[in-house]
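Overview (structure and organization)
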Amino acid sequence: MDFDLSDDQRQIKDSVDRMLADAYADLKTKAAAQKEPLGFSKTLWAQYADQGLLGIPFAEGEGGLGAGPLETMLVMEAIGRNAAIDPYLSTVVLGGGILRHAGSSAQKAALIPDVIAGTRRLALAQQERQSRYDLADVSTTARAEGSGYVLNGEKMVVLGGDSADTLIVVARLAGAQRDRGGIGLFLVGGTAPGVKRTGYATQDGQRAADITFTDVTVGAEDVLVGKSGEALAVLERVTDEAIAGIAAEAVGAMHALHELTVDYVKTRKQFGVAIGSFQVIQHRCVDMFTMLEQARSMAYYATMMASDENATERRRAISAAKVQIGKSARFIGEQAIQLHGGIGMTMEYKAGHYFKRLTMIELQFGNTDHHLRLLAKAGGLIAPAAA
Amino acid sequence: MDLRFTPEENAFRHEVRTFFTSEIPLAIRQKVEVGEHLAKEDMVLAQKTLAKKGWAAPHWPKEWGGTDWTPIQRHIYTEELQACSVPQPLAFNISMCGPVIIAFGTEAQKKRYLKPMYDLSEWWCQGFSEPGAGSDLASLKTTAVKKDGHYIINGQKTWTTLAQYADWCFVLARTDPDAKKQLGISFILVDMKTPGITVRPIQTIDGGHEVNEVFFDDVKVSLENLVGMENRGWDCAKYLLGNERVGIARIGMSKQRLSRIKQLAGKVMLGDKPLMADERFAEKVAAVEVELKALEMTQLRVLAEDAKRKSNMPNPASSILKIKGSEIQQATTELALEVAGPLSLPFLPDEADFGTGDHWAAPAAPAYFNFRKVSIYGGSNEIQRNIIAKAVLGF
Ligand SMILES: Cc1cc2nc3c(=O)[nH]c(=O)nc-3n(C[C@H](O)[C@H](O)[C@H](O)COP(=O)(O)OP(=O)(O)OC[C@H]3O[C@@H](n4cnc5c(N)ncnc54)[C@H](O)[C@@H]3O)c2cc1C
């Protein structure tokens, strides 16, 4: 076992840390970025590209860095540490993940170089009004027509979906609404005829959209998973990678929030003393620290297992990690606000930004209870002793 | 001992419920029910309706619009008010400043202020907290200096709830800079239109505009606006904070929230069954219901005991009501967030149909964020535990 970073990894970490610490040093800059037409800073996105960060998980042959979940973790952790709002998760982790695992060489060649260059953003249009956390629950339809398909349906809260250049749409080819088979994946232009997007800000300051597809035609070249209907395995795999990603992001946010809180209780004076001198506050900070370290351990575990070839083992590990992340995020977020008092309740101070993002992380890609159910159903992490 | 309500009490419950549901406009009550922000006019209309009936401040003396209800009747009233999603009469007027003026004010002050306070013709805000004085309120620095027959007020208040609507502010200011902490503070009524007052909005994490900073720059106030004795404002403040416990547990509100949660969880599907049919979720809801029932019984015991108490000092049990009441309120917002699940992500502050139809999930996250405040204000839960520790354990 080796928890140390290689030189290359350290370089990635240093560069993304520096870039985001600069960009997000001031909450006013963040607010200004949110007011830009895209809802985030275009200039900063170009910097992600310049630093090579958008190419991390893609193969060298496609112009990428050929790196893995660990390098992605470093970027996501920095995003969390700075409460950044850039669409890295939607474009590189989710959209890029689908392309990597399901794209043909022609599709990869057509799209990935632009993604790496920062000129094409992706979004995964998967979630539906009723689907909640069930990836197999798909009612959007794909009807075969000629050599391609026609899509109809509605997707909700598509991360980064409001301005993505290319949407990756999950649609049902055959079977009932929650069948595991019969699901396809299709590339659709963000402004293609029949695509209607209602964009909005999310609670954590990022962007998303509800998108309807009305008789949207997809040519044969834009079918990622067609007739076979075997998209679910890809979706599960990419979702697991995304969970490993937001686990790292959560750790970044929790770490920063814990530091902020400890600094605050050391300096905030009431009754003539620092509030950190009260033992109840000290113990609370200690409990937060414990929750942080437990979460960090599970984020590492998720990163390690995200590329595991054994899907059953991988999914168990990811569920376990998401449970710990959800519990830690809830506790640290709530206690940080409590220990800050009134100042924790305002958008003018960073604590609230972390708290809100952490709250949303708990709800994304399956909340704590969802993953507890999955894990329990899969038999947990430890096998029972033989009788 | 008989823990059941009497037939008279049940009849009374029916009477108040009928009034609330027939006289307070449904549109307003629905906003409260789904968690939408109320407009100023909504709150004014609701309170005026209660005032007309003589029910805006049941715990006030009858001559100022109060009632001669028993503590149990008052409890039933509050519970029904919250259960019917009627906007709570403005606490700053009804639970805070009004009782202080009634207890410490002059006849002239009572005549001038109580009526418009009662029917919300005048909106009050609370100018206690300062950047450096929160839990340690007595360390406040705002000064009121006597000069040419006036007080000249200088300083800064913060977290002032809804100051943007307020006509008046009750301010704690230091009138004797040499006295120690609690001594030397006065309770002064300030017209928000007085020159020298600046209100700056603070955006809260739910995206709303609920609190403000209020700056006082050479604000000239008549000496007549002093309530009680000069330098003895702390007595007023202590009395006021004791009075805050009226309805602080918000039991009716938590009941209403839980029934809304169960309604929504009955519709949201978890695979092929409603979320409410999921054992794990149903057990979590039931666990909160148990806590709430226990708190309700505790509240009734406190009320019964209070009726017999002579002392003006708050019962330490009211700290239990605050701690448990706030924890339960927060637990309901967590459950609501769980029901909304991934659909709680959109931030839709301007949607006309916020909380309804397609956007039923939109208020879940803002409510969860916003309700973090209930364990911070009104004496934080840590401070409440300190109070109990002192009163019950003797530390
Ligand atoms: C939404 C909102 C609305 C408000 N509205 C008003 C209003 O209208 N008018 C008004 O005057 N004020 C208002 N307040 C202010 C509120 O009363 C204060 O926030 C509260 O008194 C806490 O003070 P503080 O925020 O300065 O936190 P601090 O006092 O700095 O406390 C920070 C943390 O330290 C803890 N702590 C402090 N002292 C101790 C101790 N001795 N032992 C253990 N722990 C301790 C606290 O519990 C808290 O967790 C409002 C606050 C909020 C959040």
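Residues numbered from 1 in each chain as written. Chains lettered and ligands numbered in written order. Predicted model: local features only at pLDDT ≥ 70, side-chain atom pairs only at ≥ 80, totals over all residues. Heavy atoms only, no water.

**Observations concerning the site of the ligand**
Taken together, 30 residues are adjacent to the ligand, and Arg 268 of chain A together with Ser 135, Trp 159, Thr 161 and Ser 380 of chain B come closest. The environment around the ligand is built from residues contributed by chains A and B. With respect to the ligand, the backbone of Gln 338 of chain A contributes an N or O atom lying 2.7 Å from an oxygen atom. The separation between a nitrogen atom of the ligand and a polar side-chain atom of Thr 161 of chain B is 2.6 Å. For the ligand, whose free accessible area comes to 960 Å², the fraction covered by protein is 95%. (Near = heavy atom within 4 Å. Polar contact = N/O pair within 3.5 Å; in protein donor to acceptor, adjacent residues only side chain to side chain. Areas by Shrake-Rupley, 256 points an atom, 1.4 Å probe, with all protein chains shown as cover.)

**Brief notes about the interface of chain A and chain B**
Facing the 42 residues of chain A at the interface are 51 residues of chain B. Buried area between chain A and chain B, both sides added, is near 4,000 Å², and the carbon and sulfur share of it is 57%. Summed over the three residues of chain A that lose the most area to chain B, namely Arg 132, Gln 203 and Met 345 of chain A, the buried surface amounts to 19% of that side. The tally of links between chain A and chain B comes to seven salt bridges. Measuring nitrogen to oxygen at the nearest pair gives 3.0 Å for the salt bridge that ties Arg 200 of chain B to Glu 348 of chain A. There are 26 residue pairs in polar contact (both at pLDDT 80 or more) connecting chain A and chain B. (Contact = heavy atoms within 4.5 Å. Buried area = accessible area lost by both parts, 1.4 Å probe. Salt bridge = Lys/Arg side-chain N within 4 Å of Asp/Glu carboxyl O.)

**Focus: the pairing of strand 4 (residues 168–174) of chain B**
Residues and elements named next belong to chain B. Burial within strand 4 is extensive, with seven of its seven residues counted as buried. With burial as the criterion, each face of strand 4 is covered, one bearing Trp 168, Phe 170, Leu 172 and Arg 174 and the other bearing Cys 169, Val 171 and Ala 173. Sheet topology note: the strand 1 (residues 124–127)/strand 4 ladder contains four bridges and is parallel. Bridge pairing in strand 4 places Trp 124 opposite Trp 168. Examined bridge by bridge, strand 4 and strand 5 (residues 185–191) share seven bridges and lie antiparallel to one another. (Buried < 20%, exposed > 50% of the residue type's maximum accessible area, 1.4 Å probe, protein only. Helix = DSSP H or I, 4+ residues; strand = E, 2+ residues; numbered from the N terminus. Pairing = 2+ DSSP bridges.)

**Focus on helix 6 (residues 107–118) of chain B**
All names here are of chain B. The terminal C-alpha atoms of helix 6 lie 16 Å apart, and with 12 residues this matches the ideal 16 Å at 1.5 Å per residue to within 8%. What helix 6 keeps buried is the set Gln 109, Lys 110, Tyr 113, Leu 114, Pro 116, Met 117 and Tyr 118. Buried residues along helix 6 sit in contact with helix 3 (40–53), helix 5 (91–104), strand 1, strand 4, strand 5 and strand 8 (226–227). Phi turns positive, to about 60 degrees, at Leu 120, one or two residues after helix 6. (Expected span 1.5 Å × (residues − 1).)

**Focus: the domain arrangement of chain B**
Residues and elements named next belong to chain B. Each domain of chain B was delimited in the assignment, giving domain 1 (7–89), domain 2 (124–233) and domain 3 (245–391). Using C-alpha coordinates to define each centre, domain 2 is positioned 31 Å away from domain 3. In this complex, domain 2 contributes five residues to the contact, which on the side of domain 3 involves seven residues. Here domain 2 packs against domain 3, burying approximately 500 Å² in sum over the two surfaces, 57% of which is carbon and sulfur. Summed over the three residues of domain 2 that lose the most area to domain 3, namely Ile 205, Asp 206 and Glu 210, the buried surface amounts to 73% of that side. Along the contact surface separating domain 2 from domain 3 lie one salt bridge. A salt bridge links Lys 373 to Glu 210; the nearest nitrogen and oxygen atoms lie 2.6 Å apart. For the pair domain 2 and domain 3, the number of links is three residue pairs in polar contact (both at pLDDT 80 or more). Among the residues forming the side of domain 2 that touches domain 3, the class breakdown is one nonpolar, two polar and two charged. (Domains from an automatic or database assignment. Nonpolar A, V, L, I, M, F, W, Y, C, P; charged D, E, K, R; others polar.)

**Description of the environment of Met 229 of chain B**
Locating Met 229 of chain B in the fold gives a position in the loop between strand 8 and helix 7 (233–243). A sequence separation of 69 residues divides Met 229 of chain B from Thr 160 of chain B, and the C-alpha atoms of the two residues are 24 Å apart.

**A short note on helix 4 (residues 69–81) of chain A**
Residue and element names in this part refer to chain A. With 13 residues, helix 4 extends 18 Å between its outermost C-alpha atoms, agreeing within 8% with the 18 Å of an ideal straight helix rising 1.5 Å per residue. Summarising burial for helix 4: 10 of the 13 residues are buried, a large majority. Within the span of helix 4, buried status applies to Glu 71, Thr 72, Met 73, Leu 74, Val 75, Met 76, Glu 77, Ala 78, Ile 79 and Gly 80. Where helix 4 is buried, its residues contact helix 1 (7–23), helix 3 (42–50), helix 5 (88–102), helix 7 (231–267), helix 8 (279–305) and helix 10 (350–363). Immediately beyond the C-terminal end of helix 4, within one or two residues, lies Ala 83, with a positive phi of roughly 50 degrees.

**Here we look at the packing of helix 8 of chain A against helix 9 (residues 311–340) of chain A**
Residue and element names in this part refer to chain A. Here helix 8 crosses helix 9 at 155 degrees, and the two axes come no closer than 8 Å. When the interaxial angle is binned, helix 8 and helix 9 end up roughly antiparallel. Between helix 8 and helix 9 the crossing geometry is left-handed. (Axes fitted to C-alpha atoms, helices over the stretch in contact; angles between N-to-C directions. Parallel < 35°, antiparallel > 145°, perpendicular 65-115°, else oblique. Left-handed = near helix turned anticlockwise from the far one by under 90°.)

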